Amino acid sequence: MTRNRVRGRLPVVLVLPAVAGLAFLLVPLAGLLVKTPWTSLPTLLSAEVGEALRLSLICASLATVLCLVLGIPLAWLLARSGLPGRGFLRALVTVPLVLPPVVGGVALLLVLGRRGLIGEHLDAWFGISLPFTTAGVVVAEAFVAMPFLVISVEGALRAADPRYEEAAATLGASKWVTFRRVTLPSVLPGVVAGAVLCWARALGEFGATITFAGNFPGETTTMPLAVYLALETDPDAAIVLSVVLLLVSVGVLAGLRDRWISGPT
Amino acid sequence: MTRNRVRGRLPVVLVLPAVAGLAFLLVPLAGLLVKTPWTSLPTLLSAEVGEALRLSLICASLATVLCLVLGIPLAWLLARSGLPGRGFLRALVTVPLVLPPVVGGVALLLVLGRRGLIGEHLDAWFGISLPFTTAGVVVAEAFVAMPFLVISVEGALRAADPRYEEAAATLGASKWVTFRRVTLPSVLPGVVAGAVLCWARALGEFGATITFAGNFPGETTTMPLAVYLALETDPDAAIVLSVVLLLVSVGVLAGLRDRWISGPT
Amino acid sequence: GQQTGSTPAPGSGAPEVTGNVTVFAAASLTETFTQLGEDFEAANPGTKVRFNFGGSSALAQQLNQGAPADVFASAAPANMKQVTDTRTVTDAPRTFAKNRLAIAVPKGNPGRIAGLADFADAGKKIALCAEQVPCGAASKKVFELAKITPQPDTLEQDVKAVLTKVSLGEVDGALVYRTDVKATGDKVEGIEFAESAQAVNDYPIAPLAKAPNAAVAKAFVDFVLSGEGRAVLGAAGFDGP
Amino acid sequence: MTLDAELRVTRGTFSLDLDVTIAPGEVVALLGPNGAGKSTALRALAGLLPLTSGHITVAESTWDGANAFVPAEKRPIGVVFQDYLLFAHMSALENVAFGLRSRGTPKAEARAEAARWLDRVGLSGYEQTRPRSLSGGQAQRVALARALATGPSLLLLDEPLAALDASTRLQVRSELGRHLADFGGHTLLVTHDPLDAMVLADRLVILEGGRAVQSGPPAEVARRPRTDYVANLVGLNFYRGRASGTQVGLDGGGGLTIAEPVDGPVHVVFPPNAVSLHAARPEGSPRNVWPVTVAAVEQHAHTTRVRLDGPPAVLADITTATLAELRLRPGDALWAAVKATEVHVYPA
Amino acid sequence: MTLDAELRVTRGTFSLDLDVTIAPGEVVALLGPNGAGKSTALRALAGLLPLTSGHITVAESTWDGANAFVPAEKRPIGVVFQDYLLFAHMSALENVAFGLRSRGTPKAEARAEAARWLDRVGLSGYEQTRPRSLSGGQAQRVALARALATGPSLLLLDEPLAALDASTRLQVRSELGRHLADFGGHTLLVTHDPLDAMVLADRLVILEGGRAVQSGPPAEVARRPRTDYVANLVGLNFYRGRASGTQVGLDGGGGLTIAEPVDGPVHVVFPPNAVSLHAARPEGSPRNVWPVTVAAVEQHAHTTRVRLDGPPAVLADITTATLAELRLRPGDALWAAVKATEVHVYPA
Ligand SMILES: Nc1ncnc2c1ncn2[C@@H]1O[C@H](COP(=O)(O)OP(=O)(O)OP(=O)(O)O)[C@@H](O)[C@H]1O
Ligand SMILES: Nc1ncnc2c1ncn2[C@@H]1O[C@H](COP(=O)(O)OP(=O)(O)OP(=O)(O)O)[C@@H](O)[C@H]1O
Ligand SMILES: [Mg+2]
Ligand SMILES: [Mg+2]
C-alpha cells in the first residue's frame, strides 16, 4: 500500500497569483520560442557565436566569483557590524541597479578608464588598462551584478538567528571562523539565491559592458553584445541568439542541484 | 561610567574585502559625482524632467507592487509546495534576467502587442492595448524585475525553519493564514531585500521599457529613457540626470527604516 | 561633402601598410563595415582590422575617455564633433556616405499609409525617432518642410527600435532610413517620398590623433572613401557623399 | 468518542509501532527513554507526520488511514512542542491568541481570552514581551497557554513542564491538573518526570525503542515495573529472576528470599529505603543479607543514596545518622540487608 | 585562580545584581524561579552580554570591567545553552568537534576526541546524525558533549539535563559528576532539579528576581531554607514566625510548639512525612495538633501527598495504608499532628 498524500490542499489565494506570476514570466518566453525562426539556427552557429557564448559564460562566472568574494563580506558588514549609517550604506549599494547601465559604464570609464581617476595611475604605474579587455568585461558585469548578491545575502543574514554565532563564539571560534563555518552555511540558500541572480544578471549585462569594455569579437563581445549587433543586421538572428543564451542559462541553473539550494535538514 | 565596547575586533579577512567591495561600488559613483557638471543642473530641471522622474517613481513602485503580489506566492510555490520539476521552474524564472532587455521587450510585444498571441484578443475583445501606455511601462518593468523578488524570497523561505509553519497548522491555521501570519513575517527581511532589488531594477529599467512601451514624454518616458536620449546629444546632461535619479533612489531607500529590514528581535 | 575622387587604389603605389587597425564604427554600419574590413585585409595583406561597433554617442564617450582607437566612423556629425572637440584628429572628418529617410510600413501596409500626410492622423499608430538622434532630427526637418504636424505614439531611441515595432505590426507607419528598410528584408515595406532629399544625414569618418597605427588608419579611411568602399556602401542603400 | 490509533511510522533508521487508545477525558502519559519515539508519536497524532501504515480514528472519523488524511489544521488539536516553537515576531499575547484567531474568534475576544490564559500560567505582565526576551520557563508557559487556549479535543503535550522551576511547576501542574480534570477531550502527555505522570495521568504507556513495553494505571506501573527504565523511573531496585518457592535466583547473579512462594520467571522489586547497610554481617530478622561494596554515594536533600555493587547490585537510601556512623567511601565493603516482606514479586 | 564576579546587567525592565565567587574546582549551582536571571548571569559570564557595571575577574585577569572586555571567543569557557543551539548544518560529531577545531586541534584528532565524547554521553552511533533528526534528549547530550570537549576552565551549564529521561539522566549526571570531580576549573550549573544540584554542586546560590537570596553548601540550604522557593525546592513545610520560648507564632496565622526555646524572628521547617493525619483529634505525644481541611490529594509513586488548608496550611506525605483508612477527598476536615522534635527552627 502506498500512501502518497499531500498535506492538505494548496490554498487558492496563493496558488492563483503564483500561477499568474509564472505565466507572466513564461508566456513571453513561450512567445519568443514560438516565433523563433529555428531554421536560421544552423547558419548562425558560427565559430563567432560559440566564442561569444564561451566568453559570456566565463565572464559571468568570473564576475560572480568576484561578487561573492567582495559581496558576502560587504553583506555581513551591513547586517552584523553595527556600523553607524548602515541604512545609508545599504541604499548606496543599490546604486548600480538604478543607474542606467550605460551611465554605469561611463562611471566606470571615469574612474578606471585610461584617463580615469584611478585608471590613469593603474596605467602609468603598472601598465594595467581595464577598458576594452576581457578583464574589463568582468569588472563591468561585477559592478552591475554585485548589488543583487549583497542585498540578497544581507536579507538572509538579517533573518538568521544570531545566537548560533554566539554559541560559536563560546566555543572559541573567532569571528572569521564563526562566519565561515556557522553563519555562511546557515544562510547558504540566500547566498545561492544571490549568486544565481548575480550570475544571470551578469550573463545578460549589456549597457555597462559595451560602454566600458567595448565590443571586440573574441575579447569583449559577449552574447548580449552579439545580440545587439545582430539586431542591427538581422533581427531574426538576434532572437535566435537570445534564445540560445537563454537555453544555456536555464540549463546551467536547472543543473544546480536542489542540494545546493535547500536549507539544512 | 559609560561602557561602550564592541564585542571584539572585526576580522580583517572580512572587513578588507567588504571595504574593497564597497569601494568598488562607490568609487565609480564618486567619479560620476565629481565629474557631474552641476552648473547645468538648473537649466535641466525642466518640467519634462520632473515628469519623467515622477513617472519613473510611480511605475517602479507599481511594478514592485505587481511583483510582490505575483512573486511572493510564486516564491512560496517554488520553496514549499513540493511540486515536481521545481529546479527547472526556478531556472525558468530567472530567464527575464538573462534575456537582453530589448529581446525581453520583443518577447512582450510578441505576446501582449497589438498582433501578439494574447494582445490580439485583449485588443479585439476589450479594446485594451498595452504598448505605448503607462500600463505597458509597468508591465515591462515588472517582467524584468520580478525574478529578483522571486529568487530572493525563495532563498529566504528555504532558509526559514518550516516547523513554525507546522506549529501554526496545529493551531488550526489554514495554509493561507499560516503563510500570511507566520511564514511571511519570518521572512520579511528577505522580502524587503527582494522588493528593494525589484524596485531599484525597475527604476533603472530601460531596454524592455522602450521596446515594449515606447517613448512618449509624459506617458512612457521614464528617467532612464530621458537619460539615454540625453546621452545622444549632451552627455553631461545625461550624467546630471542619472545622478538626480540616483540621489532620489538613494533617498527613498535610505528612508526605509531599519525596522522594516531587520528580523524579529 | 569633401571630394577625394583622385585617391589612388589602395595597395598600388602607396607604401606597404601592415599591422592592426582598430575602428570604432556606428552600429548601423555593422554589416557594411564588416564587409569593408574583410576587403581591406584582402587588399593589404598583413593588416588586421578590429571593429568596435556601438551607438555613435557611446563610442564618442569611449573615445573621449582615451579608448585606444585608430579610426572613428560616426552615424552623425554631432557625435564626430564631440570627439573632435576634445581629441584631435589627424585629418579633418570626411563624409563617406549619406542616408535619407523613407516611410516604413508593415508588410501589406495594413494601416494604409500613403504618404507623409497620414502621419498627422491621430487614429494611426505612428513611430518616429526621438529628436535627439539623427533620424529624429531629420524627420523633424522633413515634417517642417512638408508643413505637417505628426501625431507620433512613440519617439524611439534608434532606427532599429522603430523597425522592430514596424515589423511586428505594432505601428502602422514610421520614418526611418532607406538603408534600414532595405536591410530588414521583406517584413517591412518602404515608401519613398519627395521631401526626403532635403533632409539627408551625413556619415563622417576620421583617423584619430595618437592612433597607435596612424599609417594603417589613414589607409583604411582612404579605402572606405575609395570606389570599392563606395560600391559596398551603395549596395546597402547609402548615397554617395 | 474514543481515540484509537495504530501508529506505524518510519523515520530514517528509526521505526515506531505503537497502539494507543485514549478514552474521552482520559489523560495518557507517554514515558520512555530519549529517542524512544515519543515526539514522533505526537507528531503523527498531530498530523505533521503521515503514517507509513496503521490508522488514527477519533469517534467515527478517520484522521489518518489508507484512504483518508486530515491535515493538521483540520484536526481539533492543541500541541506543546518540546522546543516550544513560539512565533518570534509576535508578542506572548499574540502567540496565545493566534490559535483562537485562526479558529475564528473575533480579535478582541481572542486577546481577552489569551490574556486570561497568560494570567493562569503566571505570566500576566508579559503580554507584550517577544519570545526572545522571555526566559526558558516563561517561554514554555506561553507555549502551554497557546495549546490550551483553543480548547482542543486532543491535547498533545511534549514535556510541557520540563523548563519550569520547582514552585512554578507545582503551580502550573496543579493548574493543568484542574484543567485536565474538567476536560472532556483526550490528552497525551509526554514527560520524563514520574511525578508529572503520576499526578496528571490516568494511565501510563511506556515506550522503548519505538514499542510499548508496559502500560497501565500509574500506581500499578509504579508497583510492578517491567523494565529497568520503568524501575529506574519510579525509583525501585529491580531484578529479573526465576523463582522456585520462596527462593529467587537472579539473572544477574545472586539470589533473594521472598515471603510468598511462587514458581517460574519473575520480576523482583524493593525500594531503596528497604535496604539497610551494616558494617558487619547483621544477625536477626532480615532474611536477605549479602556482601556489597560501595560504588558511589550521593547526597540528596534529606537522604543519602548509596550505589552498591553486589551481586546483586543495589541502591540504598540511608539516613544521615547511618551515614555518620558508617562514614561511607567508594570501595568500602559492607553488608546489605532486606526483609523478605519488603520484597515484591510478580510474574515476568 | 578564583573567579570573582560582580554581575550587574540591565535587560529591558529586568535587572540582575549578583555577586558570585567560584574557587578552582568548585561547582556552584544557580537555582531560582523562572525569569530570576540565571541565563542572564550565564550570558554575562560567557561574554555574550556586556556588564552594565561590575566586573568579572579570573585569577589576575579581568574579563569584563570598566576598562577591559574579553570577548566570548577569547574566554576559555564551555557553555550549554538552555535551547542547545546546535548547528543545524553539521552532524552531531562535527558539532562536538567544532570547539576543538576552533581552538586549533587538528581535524583527525578533533574528530576522534569528539567521537569519544559522544560515546561518553551515550550517543555512539549518532555521529553522523543532523541535529534536526535527533530527539530532544539526544540533542541536549550533544550540546553537553560539545561544551565539555574543549576542556574549558569555566563551565557554564544552563539546565544541561532537563530534557534527559530518568535513567539517561542518572547516567549522564554521574558521568558529569565524575568529570567535574576531576575538573580543576570553575563550574556554574543552572538547574531546576534539586537532585542535580545536590549531587553535582559544592555550593548553591539561590537567585530570585535578579538578587541572590541564599547561598551555601547544598545540605545547609536544604536544611535551612530562607524563602518559599527554596523550601518548595527541597520539599519542606516552611513558615516565618516569631518565637518566644518554645512557642512560635506564625506570620500566616496559627502557631507551633518547638523543642528548644529560642526568641525573635525565626524560620520554621519540617518535612511532609513528619505530618500525621487523623480523622479525630489524636491524643498522646505530638505537641502540635491542629484542625485542617483537605485541599488536594496527589498520588506519587510510593506515597500520597496531601495539601491541607490550615492555619497553618501544610503538606503531608501519607502511606497507602493511611490513605486507604482515611479515604481522603478535598474538603474533608482532619487533624494534623507534628512532633515538636521534628520541627526545625532557625533565626530568620
Ligand atoms: N527528522 C528525523 N529524521 C530521522 N530520524 C529522526 C528524525 N527525528 C527523530 N528521529 C529519530 O527518531 C528517534 C525517535 O525520536 P523522537 O524525537 O520521537 O524521540 P523522543 O522519544 O521524543 O525522545 P526525547 O525524550 O529525547 O525527546 C530518535 O532516534 C531520533 O534520532
Ligand atoms: N533579550 C531580552 N531582552 C529583555 N529582557 C529579557 C531578555 N531576555 C530575558 N529577559 C528577561 O530577563 C529576565 C531574566 O531572564 P533569564 O532568561 O535570565 O531567566 P532564567 O532565570 O534563566 O529563567 P528560566 O529558568 O525560565 O530559564 C526575564 O524576566 C526575562 O523576561
Ligand atoms: Mg521528544
Ligand atoms: Mg534560563
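Residues numbered from 1 in each chain as written. Chains lettered and ligands numbered in written order. Predicted model: local features only at pLDDT ≥ 70, side-chain atom pairs only at ≥ 80, totals over all residues. Heavy atoms only, no water.

Of all residues adjacent to ligand 2, which total 20 residues, the nearest are D:Ser135, D:Gly137, E:Lys38, E:Ser39 and E:Thr40. Chain contributions to the surroundings of ligand 2 come from chains D and E. For ligand 2, an oxygen atom lies 3.1 Å from a polar atom in the side chain of D:Gln138. Contact between ligand 2 and E:Ala36: an oxygen atom at 3.2 Å from a main-chain N or O atom of the residue. Expressed as a share of its isolated accessible area of 640 Å², the protein-covered part of ligand 2 is 87%. Of all the elements in the fold, those that place two or more residues in the shell around ligand 2 are helix H4 (136-149) of chain D together with helix H1 (38-46) of chain E. By residue class, the composition of the shell around ligand 2 is four nonpolar, 12 polar and four charged. (Near = heavy atom within 4 Å. Polar contact = N/O pair within 3.5 Å; in protein donor to acceptor, adjacent residues only side chain to side chain. Areas by Shrake-Rupley, 256 points an atom, 1.4 Å probe, with all protein chains shown as cover. Helix = DSSP H or I, 4+ residues; strand = E, 2+ residues; numbered from the N terminus. Nonpolar A, V, L, I, M, F, W, Y, C, P; charged D, E, K, R; others polar.)

A separate point is the interface of chain B and chain A. The interface of chain B with chain A comprises 92 residues on the first partner and 93 residues on the second. Taken over both partners, the interface formed by chain B and chain A buries close to 8300 Å², and the fraction arising from carbon and sulfur atoms is 83%. If you look at where chain B meets chain A, you find zero salt bridges. Inspection of the chain B/chain A interface yields zero residue pairs in polar contact (both at pLDDT 80 or more). For the side of chain B that touches chain A, the element with the most residues is helix H1 (residues 12-35) of chain B, which contributes 17 residues. Within the side of chain B that touches chain A, the residues separate by chemical class into 68 nonpolar, 14 polar and 10 charged. (Contact = heavy atoms within 4.5 Å. Buried area = accessible area lost by both parts, 1.4 Å probe. Salt bridge = Lys/Arg side-chain N within 4 Å of Asp/Glu carboxyl O.)

All names here are of chain D. Ligation of the magnesium ion (ligand 3) by protein atoms is provided by Ser 39 (OG) and Gln 82 (OE1), these donors lying 1.9 to 2.2 Å from the ion. Highlighted residues: Ser 39 in helix H1 (residues 38-46) and Gln 82 in the loop between strand E6 (77-80) and helix H2 (92-102), separated in sequence by 43 residues. On the basis of relative accessibility, which here comes to 24%, the residue Ser 39 falls in the partly exposed class. (Donors = N, O, S within 2.8 Å, 3.2 Å for Na, K, Ca; no water. Buried < 20%, exposed > 50% of the residue type's maximum accessible area, 1.4 Å probe, protein only.)

One non-glycine residue, C:Asn109, lies in the positive phi region at around 50°. Here C:Asn109 lies in the loop between strand E5 (101-106) and strand E6 (126-129). Backbone geometry places E:Tyr84, a non-glycine residue, at a positive phi of 65°. Mapping E:Tyr84 onto the fold places it in the loop between strand E6 (77-80) and helix H2 (92-102).

What follows concerns the sheet that holds E5(C). Residues and elements named next belong to chain C. Spatially, five strands are ordered E7-E6-E8-E5-E9 in an open sheet, and the strand pairing comes out mixed. Because the sheet does not close on itself, it has two edges, and the strands there are strand E7 (154-156) and strand E9 (188-191). For this sheet, the mean inter-axis angle between neighbouring strands, taken without regard to orientation, is 35°. As paired elements, E6 and strand E8 (residues 173-177) share two bridges and run parallel to each other. Residue pairing for E8: Ile 126 is matched across the bridge by Gly 173. Sitting on the sheet, helix H5 (residues 159-167) touches E5, E6, E7, E8 and E9, and the angle it makes with E8 is about 140°. (Pairing = 2+ DSSP bridges. Axes fitted to C-alpha atoms, helices over the stretch in contact; angles between N-to-C directions.)

For the rest of this paragraph, the subject is the nonpolar core. Counting 183 residues, the largest nonpolar core has A:Leu32 and B:Leu32 as its most contacted members. Contact partners of A:Leu32, with chain neighbours within four places excluded, come to A:Ile239, A:Val243, A:Leu246, B:Leu99, B:Val103, B:Ala107 and B:Leu110. Of all hydrophobic cores here, the second largest spans 75 residues; its members include C:Ala25, C:Phe51, C:Val142 and C:Val171. (Core = buried A, V, L, I, M, F, W, Y, C linked by side-chain atoms within 4.5 Å.)

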